[in-house]
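Chain and residue survey
So the chains spell out like this:
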Amino acid sequence: MNITKEPNTRQPTIQQDIFQVVALIPYGKVATYGQVAALAGYPRHARLVGYALNRILAPDSDLPWHRVINAQGRLSLHKLDIHAEELQRFKLEQEGVVFAEGRVNLKTFQWQP
DNA sequence: AGAGTGACATATT
DNA sequence: CAATATGCCACTC
């Protein structure tokens, strides 16, 4: 075979980086999109985070995607799937995250690495 | 190859 | 609180 060069030249995509960071979010804590983006090395790519997560959103995914919320302490899934939002909330509550007035108190539950 | 899109963030009104 | 504006840029078509 003629293997002149390594096909695996693709550098880590933002999705991969996001994937790694989200996987680090501890149980019972949440992170904002901007936070995840910054930790992944993409300071102002909050939107990209959402986009990336959208791609990996899978039932068998090991990613705690439900621990990623927006900067207002609210869930942002409703635009895609209103039901998924309820599921996300349910999952978070099971982890001990408290919703007050329909939102999470980030001061209390935001992941602080 | 260029235009459109987006699980957002921040600031302002 | 809600609406609006702007930034940001990888990804999709």
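In this text, all values refer to a predicted model and were calculated from it rather than measured experimentally.

Scoring rules and cut-offs
Residues numbered from 1 in each chain as written. Chains lettered and ligands numbered in written order. Predicted model: local features only at pLDDT ≥ 70, side-chain atom pairs only at ≥ 80, totals over all residues. Heavy atoms only, no water. 1 Å grid on protein atoms, 1.4 Å probe; cavity = no way out; pocket = protein on both sides within 12 Å on 5 of 7 lines; lining within 4 Å. Points joined across faces, edges and corners; volume = space filled by probe spheres on them. Helix = DSSP H or I, 4+ residues; strand = E, 2+ residues; numbered from the N terminus. Salt bridge = Lys/Arg side-chain N within 4 Å of Asp/Glu carboxyl O. Buried < 20%, exposed > 50% of the residue type's maximum accessible area, 1.4 Å probe, protein only. Expected span 1.5 Å × (residues − 1). Arc of directions from axis to C-beta. Contact = heavy atoms within 4.5 Å.

Bringing the layout of surface pockets into the picture now. Volume-wise, the largest pocket comes out at about 270 Å³. If you tally residues by element for the lining of the largest pocket, the top one is helix 3 (residues 46–56), at three residues.

Applying the stated criterion to the full structure yields two salt bridges. Between Arg 67 and Glu 95 there is a salt bridge whose closest N-O contact spans 2.9 Å. Of the two residues, Arg 67 is situated in the loop between helix 3 and strand 2 (68–69) and Glu 95 in the loop between helix 4 (82–94) and strand 3 (99–100); the sequence distance between them amounts to 28 residues. The pair formed by Arg 67 and Glu 95 is uniform in burial state, with each residue classed as buried. Among the ionic pairs, Arg 89 bridges to Glu 93, the shortest N-O distance being 3.1 Å. Separated by four residues within a single helix, Arg 89 and Glu 93 lie in helix 4, roughly one turn from each other. Judged by its relative accessible area of 37%, Glu 93 is partly exposed.

The end-to-end C-alpha distance of helix 4 is 19 Å, a good match for the 18 Å that 13 residues give at a rise of 1.5 Å each. Taken together, the buried positions of helix 4 are Ala 84, Gln 88 and Leu 92. Summarising the axial view, the buried residues of helix 4 lie within an arc of 75°, below the 170-degree limit, and thus occupy one face. The exposed set on the far side of helix 4, more than 90 degrees from its buried face, consists of His 83, Glu 86 and Gln 94. Where helix 4 is buried, its residues contact strand 2 and strand 3. After helix 4 finishes, the residue Gly 96 shows a positive phi value of roughly 100°.

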